[in-house]
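Chain residues, written in single-letter form:
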Amino acid sequence: QGKGLFATKNIRKGETVFVERPVVSSQFLWNALYNYRACDHCLRALETAEENAQRLLGKSSLVLPHPEQCSIRKDLHQQCPRCQVTYCSAECRQAALEQYHQVLCLGPSRDDPTHPLNKLQEAWRNMHYPPETSSIMLMARMVATIKQAKDKEWWIKAFSQFCSKTANEEEEIVHKLLGDKFKGQLELLRLLFTEALYDEYVSRWFTPEGFRSLFALVGTNGQGIGTSSLSQWVHACDALDLPMLQREELDAFIDQLYKDIEKESGEFLNCEGSGLYVLQSCCNHSCIPNAETSFPENNFLLHLTALEDIEAGEEICISYLDCCQRERSRHSRNKILRENYLFTCSCPKCLAQADDADVTSDEEEEGEGETDDAELEDEMTDV
């Protein structure tokens, strides 16, 4: 788990505990497959809410009401002049250039399959199918950041704040991320990673043991980042002060829209990248969390919000499990936590269920039935 984070003052339910930007972040390499476009630095959606809905529905004729509630500003979008990577603003383009993009810019080699960075990315796609939970490019940006930095030691210390694992634990995390053939896959990734990015200053990250450790760091500390212009539009529409009849019509339209998207695209794709957050990574897990993370600004800024009143000195806990996983048995919850985070939970809910019969996930899934519409809407807008 994390190091533990405790409230320094009384926090009320619904209050923002903190807002945090990542030390480093990256969008997933499979985004392109879904034609999803996000700012290459802050992950802000680049498509309008209407375009977002049209893509998920496969219906280019769809028109959303209240288009003024969409905050996407296409007139501000900029590209890297050398490799055409797109950013939501000049500020993001400059921030990326100053931190890591000088090293990672492919320039005219963007479409060259023999370029070391392209070979690394293609190998990752062939090993790590959707849904992605981390990205090799998060590790690439860590190395690129250090390569570009004037104060390399500052960045080394920043990355060393995240939990490190023993060799045995690293093996398990890597195995979970890459599957049964992970040893061969990991060595191929390491060789391609070295060819593309080797730097003497962090040479230990390129050894077999160091690369496994880097992989484990990203695997256990990486926080999924979800951005969606459609979700942001829905939240903005919810806040509109409308006459009762117009409100009912708009709510009915949105409800139907979600049902149609679910039918057409399956599970709503609202997690398009991952990042390393210092404060968030300190938070321990609980199956009955008193705080939750979200990305209401439609970019990589993480908001931690209290789910209940938290007293000064009380530990702030989040859940490493999604809503559906938290409703499963103690046995199933801890199976997921052991496989992904290498610990057994001892939160009040788990202790209270200590004597419950072990029920497997398969048995539970058979009894769960279909997700109802209210739960579905919550999942689709919770970004």
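Quick notes on the rules
Throughout, residues of each chain are indexed from 1 in the direction in which the sequence is written. A pLDDT threshold of at least 70 governs which residues receive local features in this predicted model, and a stricter bar of 80 or more applies before side-chain atom pairs are shown or counted, although totals over entire chains, interfaces and linings include all residues. By convention in this description, side-chain values take in all heavy atoms of the structure and omit both hydrogens and water. What counts as a salt bridge is simple: a side-chain nitrogen of Lys or Arg found within 4 Å of a carboxyl oxygen of Asp or Glu. Any two rings among Phe, Tyr and Trp, with Trp reduced to its six-membered ring, count as a pair given centres within 6.5 Å; such a pair is stacked if its planes are under 30 degrees apart, edge-to-face if over 60, and tilted if neither. Helix and strand labels come from DSSP, where a helix needs a run of H or I of at least four residues and a strand needs a run of E of at least two; each type is numbered from the N terminus. Here, expected helix span is obtained from the residue count minus one, scaled by 1.5 Å. Working definition: with a 1.4 Å probe on protein chains only, accessible area under 20% of the residue-type maximum means buried, over 50% means exposed, and in between means partly exposed. Arc, as used here, means the arc of the directions from the helix axis to the C-beta atoms. Contacts: residue pairs with any heavy atoms within 4.5 Å of one another. Among buried residues, those of type Ala, Val, Leu, Ile, Met, Phe, Trp, Tyr and Cys that are joined through side-chain atoms within 4.5 Å constitute a nonpolar core. Boundaries of every domain are those given by an automatic assignment or by a domain database. Throughout, the protein atoms alone are placed on a 1 Å grid, and a set of points is a cavity if a 1.4 Å probe fits but cannot get out or a pocket if it is open with protein on both sides within 12 Å along at least five of seven lines; lining residues have an atom within 4 Å of a point. Grid points are joined across faces, edges and corners, and a volume is the space filled by probe spheres set on the points. Residue classes follow a fixed rule: Ala, Val, Leu, Ile, Met, Phe, Trp, Tyr, Cys and Pro count as nonpolar, while Asp, Glu, Lys and Arg count as charged, and any other residue, Gly among them, counts as polar. Strands qualify as paired when DSSP identifies two bridges or more between them. Between N-to-C directions, angles cover 0 to 180 degrees, with each direction set by a line fitted to C-alpha atoms, over the stretch in contact for helices.

1. As for the pattern of salt bridges
- Taken as a whole, this structure holds 11 salt bridges when the rule is applied.
- With its nearest N and O atoms 2.6 Å apart, the salt bridge here joins Glu47 to Arg55.

2. Overview of the packing of aromatic side chains
- Under the counting rule described, the total for this entry stands at 11 aromatic pairs.
- Taking the centre distance of 4.8 Å and the plane angle of 50 degrees together, the rings of Tyr320 and Tyr341 count as tilted. Taken together, the residues Tyr320 in the loop between β10 (317–318) and α12 (323–326) and Tyr341 in helix α13 (residues 330–341) connect sequence positions 21 residues apart.
- Put simply, the rings of Trp124, Phe193, Tyr198, Phe206, Phe211 and Phe215 pair up and form one aromatic cluster.

3. Re helix α6 (residues 167–178)
- Spanning 12 residues, α6 covers 16 Å between terminal C-alpha atoms, matching the ideal 16 Å at 1.5 Å per step.
- Those residues of α6 that fall on the buried side of the exposure criterion are Glu170, Ile173, Val174, Leu177 and Leu178. All buried residues of α6 project into a common sector of 115 degrees when viewed along the axis, lining one side.
- For α6, the elements touching its buried residues are α3 (116–127), α7 (182–197) and α8 (208–221).
- With its phi angle positive at about 90 degrees, Gly179 sits one or two positions after the end of α6.

4. Points about the nonpolar core
- Membership of the largest hydrophobic core comes to 86 residues, with the highest contact counts inside it found for Ile136, Leu189, Phe193 and Phe215.
- If one sorts the elements of this core by residue count, helix α4 (residues 136–148) sits on top with 9 residues.
- Lining this core are residues from two domains, each supplying at least three of them: domain 1 (1–21 + 277–354) and domain 2 (24–224).
- Residues contacting Ile136, with those up to four places away along its chain left out, are Leu29, Leu120, Trp124, Leu189, Phe193, Phe211 and Phe215.
- Leu56, Leu62, Leu257 and Tyr258 belong to the second largest nonpolar core, which has 21 residues in total.

5. Points about unusual backbone geometry
- With phi around 65 degrees, Leu43 is a residue other than glycine that occupies positive phi space.
- Residue position: Leu43 is located in the loop between β2 (24–27) and α1 (49–57).
- Judged by relative accessible area, which is 0%, Leu43 ranks as buried.
- Even without being glycine, Asn298 reaches a positive phi, approximately 60 degrees.
- With respect to the helices, strands and loops of the structure, Asn298 is situated in the loop between β8 (291–294) and β9 (302–306).
- What makes Asn298 buried here is its relative accessible area of 1%.

6. Some words on the layout of surface pockets
- Roughly 830 Å³ of internal volume is contained in the second largest pocket.
- In terms of lining residues, the second largest pocket is bounded by 31 residues, among which Asp40, Val85, Arg110, Gln121 and Arg125 are the most central.
- At the level of secondary structure, the elements contributing two or more residues to the lining of the second largest pocket comprise β2, α2 (90–104), α3 and α4.
- Broken down by element, the residue count for the lining of the second largest pocket peaks at 6 residues, all from α3.
- Looking at the lining of the second largest pocket, its residues break down into 15 nonpolar, 8 polar and 8 charged.

7. A look at the sheet that holds strand β5 (residues 223–225)
- Pairing within the open sheet is antiparallel, and its 3 strands lie in the order β2-β6-β5. Of all the strands in the sheet, the pair left with one neighbour each is β2 and β5. The mean angle between the axes of side-by-side strands here comes to 25 degrees, regardless of whether they run parallel or antiparallel.
- Here 4 bridges tie β2 to strand β6 (residues 273–276), and the two strands are oriented antiparallel to one another. Each residue of the ladder has a partner; that of Ser25, found in β6, is Gly275.

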